[in-house]
Every structure is written in C-alpha cells, then in structure tokens.
2 protein chains.
Amino acid sequence: MKQSSLPLGTNALELIAECEMDMQRRIATDEPSVVHLGSGGSRTRARICIMAGQQLGLSKHDVLCLASAVELLHNASLVHDDVQDEDNERRGTEALWKKYGAARAICSGDVMISAAYAAIADLRCSAKIADVLRETHGAVAETIRGQSLDLSSDTDIDPEQYEKIAAMKSGPLFRLALSLPLLVANRRDLLKKVEYVAARFAVAYQINDDLDDWRQDKENGDLNIVNLLAKNLSIDEALYVARNRAKYLLRKCQRELSNFPNESAAMVEQLATKLMQQVEKHY
Amino acid sequence: MKQSSLPLGTNALELIAECEMDMQRRIATDEPSVVHLGSGGSRTRARICIMAGQQLGLSKHDVLCLASAVELLHNASLVHDDVQDEDNERRGTEALWKKYGAARAICSGDVMISAAYAAIADLRCSAKIADVLRETHGAVAETIRGQSLDLSSDTDIDPEQYEKIAAMKSGPLFRLALSLPLLVANRRDLLKKVEYVAARFAVAYQINDDLDDWRQDKENGDLNIVNLLAKNLSIDEALYVARNRAKYLLRKCQRELSNFPNESAAMVEQLATKLMQQVEKHY
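Because the structure is a prediction, the values reported are computed rather than measured. (Residues numbered from 1 in each chain as written. Chains lettered and ligands numbered in written order. Predicted model: local features only at pLDDT ≥ 70, side-chain atom pairs only at ≥ 80, totals over all residues. Heavy atoms only, no water.)

A.B. asks: Let's hear about the packing of aromatic side chains: which residues, and what values?
C.D. replies: Within a pair of aromatic rings, the relevant descriptors are the distance that separates the centres and the angle that separates the planes. This structure, assessed with the given rule, holds 5 aromatic pairs over all chains. For the ring pair Tyr117 of chain A and Tyr117 of chain B, a centre distance of 4.6 Å and an interplane angle of 5 degrees mean the geometry is stacked. Here Tyr117 of chain A is found in helix 6 (residues 102-121), whereas its partner Tyr117 of chain B is found in helix 6 (residues 102-121) on a different chain. Taken individually, Tyr117 of chain A and Tyr117 of chain B each receive the classification buried, so the pair is uniform in this respect. (Phe/Tyr/Trp six-rings, centres within 6.5 Å; stacked < 30°, edge-to-face > 60°. Helix = DSSP H or I, 4+ residues; strand = E, 2+ residues; numbered from the N terminus. Buried < 20%, exposed > 50% of the residue type's maximum accessible area, 1.4 Å probe, protein only.)

A.B. asks: Outline the relation of the copies chain A and chain B, supporting the account with residue identities and numerical values.
C.D. replies: The two copies are related by a screw motion: chain A maps onto chain B through a turn of 180 degrees and a shift of 0.0 Å along the axis, at an RMSD of 0.0 Å. Read as a symmetry element, the transformation amounts to a two-fold axis. Both copies present the same face, since 100% of the interface residues in chain A are matched by interface residues at the equivalent positions in chain B. (Least-squares fit on C-alpha atoms with pLDDT ≥ 70 in both. Contact = heavy atoms within 4.5 Å.)

A.B. asks: Account for the packing of helix 6 of chain A against helix 7 (residues 129-152) of chain B, naming residues and giving values.
C.D. replies: Interaxial distance between helix 6 of chain A and helix 7 of chain B falls to 9 Å at its minimum, and their mutual angle equals 165 degrees. Considered as vectors, helix 6 of chain A and helix 7 of chain B are oriented roughly antiparallel to each other. Considering how the two elements wind past one another, helix 6 of chain A and helix 7 of chain B form a crossing that is left-handed. Along the contact surface, helix 6 of chain A presents Ala103, Arg104, Cys107, Asp110, Val111, Ser114, Ala115, Tyr117, Ala118 and Ala121 of chain A, while helix 7 of chain B presents Ala130, Leu133, Arg134, His137, Val140, Ala141, Ile144, Gln147, Ser148, Leu151 and Ser152 of chain B. Looking at the contact of helix 6 of chain A with helix 7 of chain B residue by residue, the classes come out as 13 nonpolar, 5 polar and 3 charged. (Axes fitted to C-alpha atoms, helices over the stretch in contact; angles between N-to-C directions. Parallel < 35°, antiparallel > 145°, perpendicular 65-115°, else oblique. Left-handed = near helix turned anticlockwise from the far one by under 90°. Nonpolar A, V, L, I, M, F, W, Y, C, P; charged D, E, K, R; others polar.)

A.B. asks: Explain helix 9 (residues 191-220) of chain A to me, and be specific about the residues and the numbers.
C.D. replies: Along its length, helix 9 of chain A reaches its greatest deviation from straightness, about 75 degrees, at Asp213 of chain A. Positioned one or two residues after helix 9 of chain A, Gly221 of chain A has a phi angle of 70 degrees, which is positive. (Bend = angle between axes of the 7 residues up to and from the residue.)

A.B. asks: Give me unusual backbone geometry: which residues, what numbers.
C.D. replies: Residues and elements named next belong to chain B. The backbone of Arg43 shows a phi angle near 55 degrees, a positive value even though the residue is not glycine. In this fold, Arg43 is placed in the loop between helix 2 (31-38) and helix 3 (44-55). Even without glycine at this site, Glu263 takes up a positive phi of about 55 degrees. Within the secondary structure layout, Glu263 lies in the loop between helix 11 (235-257) and helix 12 (266-280). The class for Glu263 is partly exposed, based on a relative accessible area of 24%.

A.B. asks: Please set out the domain arrangement of chain A residue by residue, giving values where relevant.
C.D. replies: Residue and element names in this part refer to chain A. Segmenting chain A into domains produces domain 1 (9-124) and domain 2 (171-283). One C-alpha centre belongs to domain 1, the other to domain 2; they are set 22 Å apart. Between domain 1 and domain 2, the contact holds 16 residues from the first and 17 residues from the second. Both sides together, the interface formed by domain 1 and domain 2 hides about 1,600 Å², and carbon and sulfur atoms give 84% of it. If you sort the residues of domain 1 by the area they bury against domain 2, Ile48, Gln55 and Leu56 come out on top, with a joint share of 37%. Across the contact surface, domain 1 and domain 2 share 0 salt bridges. Inspection of the domain 1/domain 2 interface yields 1 residue pair in polar contact (both at pLDDT 80 or more). Top contributing element to the side of domain 1 that touches domain 2 by residue count: helix 3 (residues 44-55), with 9 residues. (Domains from an automatic or database assignment. Buried area = accessible area lost by both parts, 1.4 Å probe. Salt bridge = Lys/Arg side-chain N within 4 Å of Asp/Glu carboxyl O. Polar contact = N/O pair within 3.5 Å; in protein donor to acceptor, adjacent residues only side chain to side chain.)

Below you can see the structure in the form of structure tokens.
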C-alpha cells in the first residue's frame, strides 16, 4: 500500500466536510435525522467513496452525490437497527429512538433511505443513474435479508451461519462505497471482486468486535463467535481459531485489493491493515 | 366525466394483475412483504397511475414501473404507520407487526421503499429517471414531515392544523399516482394542479372517515374533525360544517380535474364523485 502516492490529503478532507453539508441539506427539516447525522460517526464509507471516486477520475459533484447516498443509507440502517434491537446507546449518547421515540426514529430512517436515492438522481453522468440505482437496491435488499435472518435466528447457530449473517448484514452497504464509484467509472468488471472483499471484511470486522466483547456477550447471552466456538473448544482454542479466521479473511481481502486500478481501493487497504493490527492485539 | 369513452376496461385490469406480479417479484424474498402485498388492498394508486399512463400514451412497460413504485411506497407507509401507531389490524387481518414483530415490519417497509426506487430505475425513458426520482423523494419527504407533525401533535389542534396534517400525510403519495405519469409524458406544467387536487382530496377523504367514526374516536380520545368542531358548536352543527367542508374541497378537485388532458385524471374524477356520494350519505 503506497498511501504517500495518493494526491488527496486535504482535498479529501474538504470533500468529507462538503459531504456532511450535503447530507444535512438533503434531510434538512427532519430534526431527528439532523441530530443523528450531527452526532458524529467515522464516515468511513464516505471516505472510501470519495478517495475511490477521485482516483477513478470522477467529477467532484458526482463523488459527493455517491458519498452522500452511501453514508445516508448506512446511517438509516443504524437508526432502524437500534429501534429493532432496542439498543439504548449510539456513539456514546442516547440512541435516536430513546430520545425521540421509536415512531420518529422509523421516520428518520425512512427519510434517509429516500434521500439517498434522491442523491443518486443528482448524478450529472445521467446515463449511469439506472445502474447505480439497481446496484444500490440490490445492496439494500441483501442487507435487509441479512437483518431478517439475524432477527429470526437464535444464538445457537453454527459458525458458517454466523459468517453468512455477518456478511449479509454489513457487507452490502459497505460494498457500495466502492462499487458505486466503480460503476460510474465504467468498471463493472470489478463488482464481483468488491462483493468478495466486502463480505470478508464485514465478517472479519464482526469477529474483531466479538474478540473485544466475548466476556460481556457471554453474560448477556448475545451472539458471539468466540462463545459459539467455545462450545466445542477450550476458550483459548476458541480465541485462537477466531483470530486466525479474521486474519485469514483479511489476507484474502488484501490480496484482491492490491489489484484495483489507480489505487482506488487504497482506503479499504488501509482499513484492512488497521483491522489486522487490532486482531493481532488480541494475542 | 365520460367514463365510457376510455379505451381501457379489461386492458387496465390486466395491467393491475401484472403490477401485482411485478411488485411480488421485486420484494420476492421478504416474507412479511409478500404476505402484506398478498393481503389485498384496493390498489387505487396503481389504477390511477395505469389509466393516466395509458391515456397519456406511455409504454406499457413504463406504466407498470410507475404503478409498482407508487403502490410499493403506499404499502411501505401503511406497514410503518401500523408499527408507529400500534394499530393491531389492517385489511381485516392482523397488522404485519403483530404477525411478525415490529423489527420485521420495519424491514418490510424499508425493502418496499427501496424496491420502489429500483422500479423507477427500470423506466425505459431513461432521460426521465432523475426527474421521477426527485418528484418521488419530494413526496416521500413531505409525507414523513406530515407523519412527524401528526406524531408530535396532541388531539387539541385547530381545524386548520388538522387539514394541514391530513394533506401532508396522505396528499403526497396519492399525488405521485398522477404526477409520475405526467412527468414522463412531459407535462410538468400540470404538477402544481396535481398537488392542489391531491391535498384537497386527502383532506376530504379524512373528513369522510371522521364522519364515519366520530362516536368511536370520541370514546377513544382519537383526533377527529367532528369532535374538534364540536368544541365550539353543537354536534349537529359540527357534522354540518364537516360535511360541507368535504364537499367544498371535492368540488374544488372536480373543477381542476376536468381540465386534465386526454382524460388522464378520469380515475381520480371517479373517486371524487364516489367520495362526494359517501359524504352526502352522512346527512
């Protein structure tokens, strides 16, 4: 990964700031959405999208439309997930449904989903709008299938099912950050690779989370890969298997990512490296 | 209204059946959505859209895309509304959230919203996709503003606020059934008239509902225009004022609708006539 060769730096930071303003403008009159978007978040997906779009030579306008769309969908999924899972906290503060009630939080997610599609409508490369819409709906529908599968599963599933749910729930919206700029740049040939990477990254990310939280999840009876594996292994063996699985998946990602054109996936490579380091800290 | 001159009849019925199949295909793997769409519903919006599209000379393919989009959005709003209002019944059977839980019902509404936008992506007149997306998001966002206003209002509002909420909650998605085919047919000049008609029709529809239910709503403490008016009037006077207001609004609709090109709004004219008759039955 040659991060220093990227001609981005401050420019990308400016675009992130413009993306914030663009999203706020698009959901302007819905107070809960304004509050949610103002509550922080890493904007990882916007960053991936902006850097990929710039490296692929997309116009600034179109990059911003895609980054807003991807980030609005991700935030809609967080707001609805918190209602569904009755999670009380998000980003160190009250979850939106705790602050405004579940009904207003459902409205907030709905308006962010709709605003994401309106952002796609604003693409200047209008010949690409239909393709971008279809790819987006494909990802949203798969995420919802993953969420539905998770909702109807108990905590006594096998590791294969665990990975399937993690990949379906988080892979597709993560994938959009890279697949939408690639689509606009006429690189449909790479979409399968992006799907492959996003699914594996999503599972590795979830395993790393589980490595952090396995004690707490055991107490609360929440689904956790370490505790699933510990049904047939000692806890040390389970931790070892989980770590190795995450590292294996991340190496698979890294191998694919290094072949992307113009370092368009450099940001995802950085994330994979960082996640690998976090997994290794669990030794 | 010259219904007999419409060259539609069975053809329109076939298109409604095709629209049903198209919607089912688009949400195929989400069981709660399949069940909800299979539970009936008048498909009023699909009918309006199909007849308008045919009268305006749109292709069958594009008419179906628009009808599916409009009907999917309407059904998404019903499913989410029932979660938000904790309404137990819909179409004479258990509401979706009662059958599958609130979490799955939220997923169902989400996937129908997203599928509506994917239906728009399939328009063959691709030059119109961006306009149709923007008009659609404008309507969705306004509906959500109306729903949010309703959720945060108490039952002690004035009749003006009552009409504003009714118009905002139901007018915009109703409007799409006519405004989307008009947009595709290059009749953007008529959109303001459609908005005018849809807002008034939505309020008249709500008043007629309230004329049916005012006794029950009074018992339950639910918002009802008759009971609002009866704070300053006798109940007979309140009923008289409510009926007259609904009839006035419907006459306003009828006047505008008669000027639409090629009888494209004939279906809405029929609905206005039918609603007028229902209001008059309350004497």
